[in-house]
Amino acid sequence: MHVPTFAHSYVLPHSPIEVCQKCSGQTGNFTVIVSSTATLLKKYALYDHSWVKITNDLPKYVPVIRKLWNSRSPSVTLLAVAPLWRSLLHRSSSLLLLLFLLLLAAAAMAAEASGRKDATITGPAYSTEMLEQLVTEGNMKKDVEASVPAAPDSFAIRCRDVCRSYGKLKVLTNLNLTVPQGHIYGLLGPSGCGKTTLLKCIVGTLKISRGHITVLGKPPAFPGHEVPGKMVGYMPQELALYNEFTISDTLTFFGRIHGLTSKETQARMNFLIDFLHLPQKNSLVRNLSGGQRRRVSLGAALLQNPELLILDEPTVGVDPVLRAKIWQHLVEIVKTGRVSVIITTHYIEEARQANVVGLMRNGYLLAEGPPDAVMKQHSATTLEHAFLQLCESSDQNSTQESNSESETLEKSQTFANGRDESQPILAVGPPPVEDVPKCTADWKTRGRHILPKGRNIGALVIKTMVRMKRMPGSLCFQFLLPVIQISLICLCIGGDPKGIQVAVVNNDTYPPSSSFSQSLLSFLDNSSVIQVPLPHNKAFEGVHKGEYWGVIGFGQNFTNYLTKRILQRQVSKEVIDGGSVHVWLDLTNRQIGLMLQKQLHQAFQAFVDYKMGALAYLAALPIKFEEPIYGSLDMDFTTYVTPGAVLSSMEMMLAHLFSQLFVISVQIILMLLFILLVFKMPNEGSLFLVICLIVLQGITGISFGLVISAGIDDEQSANQAALGIFYPNLILSGIIWPVECIPYPLCYLSLALPQTYASESLRCIMYRGWGMSEMMVWRGFAVTLGWNTFFLILATVILKLRS
Ligand SMILES: Nc1ncnc2c1ncn2[C@@H]1O[C@H](COP(=O)(O)OP(=O)(O)OP(=O)(O)O)[C@@H](O)[C@H]1O
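The rules behind these values
- Residues numbered from 1 in each chain as written.
- Predicted model: local features only at pLDDT ≥ 70, side-chain atom pairs only at ≥ 80, totals over all residues.
- Helix = DSSP H or I, 4+ residues; strand = E, 2+ residues; numbered from the N terminus.
- Buried ≥ 20, exposed ≤ 12 C-beta atoms within 10 Å, placed from the backbone.
- Contact = placed C-beta atoms within 7 Å.
- Near = placed C-beta within 6 Å.
- Nonpolar A, V, L, I, M, F, W, Y, C, P; charged D, E, K, R; others polar.
- Pairing = 2+ DSSP bridges.
- Axes fitted to C-alpha atoms, helices over the stretch in contact; angles between N-to-C directions.
- UniProt positions renumbered as here; feature names shortened; annotations may be inferred.
- Expected span 1.5 Å × (residues − 1).
- pLDDT = per-residue confidence, 0-100.
- Arc of directions from axis to C-beta.
- Parallel < 35°, antiparallel > 145°, perpendicular 65-115°, else oblique.
- Left-handed = near helix turned anticlockwise from the far one by under 90°.
- Core = buried A, V, L, I, M, F, W, Y, C linked by C-beta atoms within 7 Å.

Check the secondary structure of the protein chain and you find 27 helices and 18 strands. Across the 803 residues that make up the protein chain, the buried fraction comes to 39%. Taking all contacts inside the protein chain whose residues are at least 6 apart in sequence as the whole, residues at least 24 apart take part in 76%.

By nearness alone, every residue bordering the ligand is listed as Y166, L169, V171, G189, S191, G192, C193, G194, K195, T196, T197 and Q237. At three residues, the largest contribution of residues to the shell around the ligand is made by helix α6 (residues 195-203). Among the residues making up the shell around the ligand, the classes are represented as four nonpolar, seven polar and one charged.

What the three strands build is an open sheet, ordered β6-β5-β8; its pairing is antiparallel. The open sheet terminates on both sides in strands that have one partner only, identified here as β6 (169-180) and β8 (210-215). Averaged over all pairs of adjacent strands, the angle between their axes in this sheet comes to 15 degrees, without regard to strand direction. Of the strand pairs in this sheet, strand β5 (residues 155-166) and β6 are connected by eight bridges, and their pairing is antiparallel. Looking at β6, one finds that Y166 is bridged to L169.

Right, let's get into the environment of L693. With respect to the secondary-structure elements, L693 resides in helix α23 (residues 687-711). Overall, the presence of 23 C-beta atoms within 10 Å leaves L693 in the buried class. A sequence separation of 88 residues divides L693 from F781, and the C-alpha atoms of the two residues are 6.5 Å apart. Not counting residues up to four positions away in its chain, the partners in contact with L693 are A758, S761, L762, G780, F781 and T784.

Residues annotated by UniProt as "transmembrane region" (unreviewed entry) correspond here to residues 93-111, 657-679, 685-709 and 776-799. For residues 685-709, helix accounts for 92% and strand for 0%, while the C-alpha atoms at its two ends are 36 Å apart. Structurally, residues 776-799 comprises 100% helix and 0% strand, and the distance from its first C-alpha atom to its last is 35 Å.

Further remarks concern helix α9 (residues 290-302). In this model α9 runs 19 Å from its N-terminal to its C-terminal C-alpha over 13 residues, within 8% of the 18 Å that 1.5 Å per residue would give. For α9, the buried fraction is high: ten of the 13 residues fall into the buried class. Close packing links the buried residues of α9 with β9 (232-235), α7 (247-257), α8 (262-275) and β10 (308-312).

The next thing to look at is the confidence of the model for the protein chain. Across the protein chain, pLDDT averages 73, with 68% of residues at or above 70. pLDDT under 50 marks residues 23-31. Its contacts with residues more than four places away, or in other chains, come to 28 contacts. Counting contacts from residues 33-56, a segment whose pLDDT is below 50, to residues more than four positions away or on other chains yields 51 contacts.

Before going further, it helps to spend a moment on the sheet that holds strand β17 (residues 550-554). Ordered by their spatial adjacency, four strands build an open sheet running β16-β15-β17-β18, and the pairing between neighbours is mixed. Across the chains shown, the open sheet's two edge strands, defined by having one partner strand only, are β16 (529-533) and β18 (582-585). Between one strand and the next, the sheet's axes are offset by a mean angle of 25 degrees, whatever the strand orientation. In the sheet, strand β15 (residues 500-506) pairs with β16 via five bridges, with the strands oriented parallel. Its bridge partner being in β16, V504 is matched across the sheet by P533. Those strands touched by helix α17 (residues 536-544) are β15, β17 and β18, and its axis lies near 155 degrees from that of β15.

A separate point is helix α18 (residues 558-567). Within α18 the residues assigned to the buried category are F558, T559, Y561 and L562. Seen end-on, α18 carries its buried residues on one side only, within an arc spanning 165 degrees. Residues of α18 that are buried in the fold lie against α16 (516-522), β17 and α19 (573-578).

To continue, consider the packing of α7 against α9. Interhelical geometry of α7 versus α9 gives an angle of 25 degrees and a closest axis separation of 9 Å. With respect to each other, α7 and α9 are oriented roughly parallel. Between α7 and α9 the crossing geometry is right-handed. Residues I247, T250, L251 and F254 of α7 form the contact with α9, whose own contacting residues are V296, G299 and A300. Tallied by class, the residues present in the contact of α7 with α9 amount to five nonpolar, two polar and no charged.

Counting 80 residues, the largest nonpolar core has I157, I202, I310 and V341 as the members making the most contacts within it. Setting aside its immediate chain neighbours within four residues, I310 contacts L199, I202, V203, V232, Y234 and I342.

Burial of the side chains of β9 extends over both faces: V232 and Y234 are buried on one face and G233 and M235 on the other. Where β9 meets β10, four bridges bridge the pair, whose relative direction is parallel. Bridge pairing in β10 links Y234 to I310.

Written out as structure tokens, the structure reads:
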């Protein structure tokens, strides 16, 4: 059988009939190429100036070709038919491209992973909560009026009756602590007694449930107060450094956050690298040892020469020589009287170098005073021994208290001698001040406090860029993931099923060469429908066994009766029935069933066109689908699903990336290039509106990610929650299947989701060419903006409640 090649293409003025006659009976895919003016092509719902349609169903395009032909337009220049390989080439080029992208992303990830082989994974950067605190300068606590003591200058930190719980677990109980100005305060206590919790409350990243704290004259996170901020250097216990940063990047980042000039940062960096025995400043954090990382973290706390140093176990994993050096440094810096230090350590004896020690247990202070005085009080030769005695007497008292049934719970927390446990045995510094004046901030200070600082935003953007540069694999993956998703959707979803086996029972007695049944069957798309000629019984048996998707049956007199139906004005019911094609389908798979019905209708239409030529209208159905007002008759499922899928993949991708507008931009550009140029999705409307809506939806994803990360600490649970919400959202948003099919009352839930109106709006812009004056368009924008605001507020509220 002769399959036409491009060299044997059929160029107008061959009539379409002639072309179809030549092609009829030939198998394989064809490419139809029609070139015409844009207006003419648009009239026939063809979008490009030089229109290329890959089809295995050439007769389907006969009406279009005929109309072009009949228009006698001189601009209709070419109609060509090319064989299968061309269409395969087109489709496989998309596949190859996709494969290439996947390989590229995988290779980049692999390269990055191998580079990271030896690295241990540390937490997610500079204590997230601390960083947020730095950026917003204490947005968590906006008590505009707070109690502060009368003489704030004489002490650096003062805690009075501080309580803090995690749910039902009471961690700090009526705790009183005073760090005198220009002193080192060693906070000692067993693991889990609440030291870190107390330090977090002091620095302002945790809110206290009761009592009050004063740090450098004002409550932490008070508007305009640089705690947390430049005034305080905090080294958290759980090291929070970016693995992808070098030592230099890390210190530069904190220098920017604290507003140091690059010269100042450089000078401090050189000193700290030397002082803390750090390796080369261009060493990556991920390649440092645990001890080295602790020292980098300590360096970051010391960087801006803060007035208050809050160090949570800075000497863990540090060799004795360096430990001594660190203590010596601390002793020296407090000598000026300007700097105060609060330090926790498990090495109790090293705390003898502190000016004051606080011995903490079960959330309150057992004792507070100069180390020598504490030891003297308990006739102990070491601080550790003194601490041991204090613990023992505290335990004895607790036992006595619990044995006494008449004591209330509150009283059970007091020593036998009647002393309140929350009051330290020894006290230093000023006596407790009960009279606490109000501390206020004017509206300007409050405004400045609420607004994020440009300097901090700049530092965070640079940080993001540096991290991206150091993680080319995941950056590449981020860029490509939406493209890969959209490509997979375009390639794998919405296409017609191929190779569907159908049994054909042809009892037509006419010779095959001239029978109508054979001619009609020849118009069936051979790549989608594989015809298996069978006798009646075997055909139905095959369908029952699941071998075939249906039976196409022709009666004995099919050609005769159909001819009568065409030629005679009045025919009997028997003629109508005998001249009909009978089809029994297995409709268990709706898509396959619908495709078979569509193929049969198209084959019949092509057959009528072929047999009756200009008189084909006589055999047309009394229902006529005109040229669509929007979209095209040819619009497939992929075209429907793409706008929603664009939003959805964006949402999934950008869930946790707040500061990655650059990534969003690249993703959008790549995705639009793919959907418009590679997959040729039509866009009738404004590209600007399309981009705006996708960006806004990206921000919805970001803010939704913020809600999840604000509510869930554990990364795995957060991912599970995101996935758990993603799929119901995908199903209910009308992205895959129209909202109109969703039953009551789920349809109302669907309308309330962030993507339902947005994807409808995107479809209206892209396929109907509508603008913002249309309600269906602006509604998508309005709903998206509403959701963005809601998510951002919700994330803030959750953070506040959890702090
Ligand atoms: N985010 C949290 N949620 C619930 N409980 C917490 C949380 N953080 C700490 N805790 C609990 O609070 C108590 C005090 O913890 P904290 O980290 O303050 O102790 P610590 O004295 O610093 O201990 P260590 O010396 O081992 O670091 C512990 O029982 C701990 O399990």
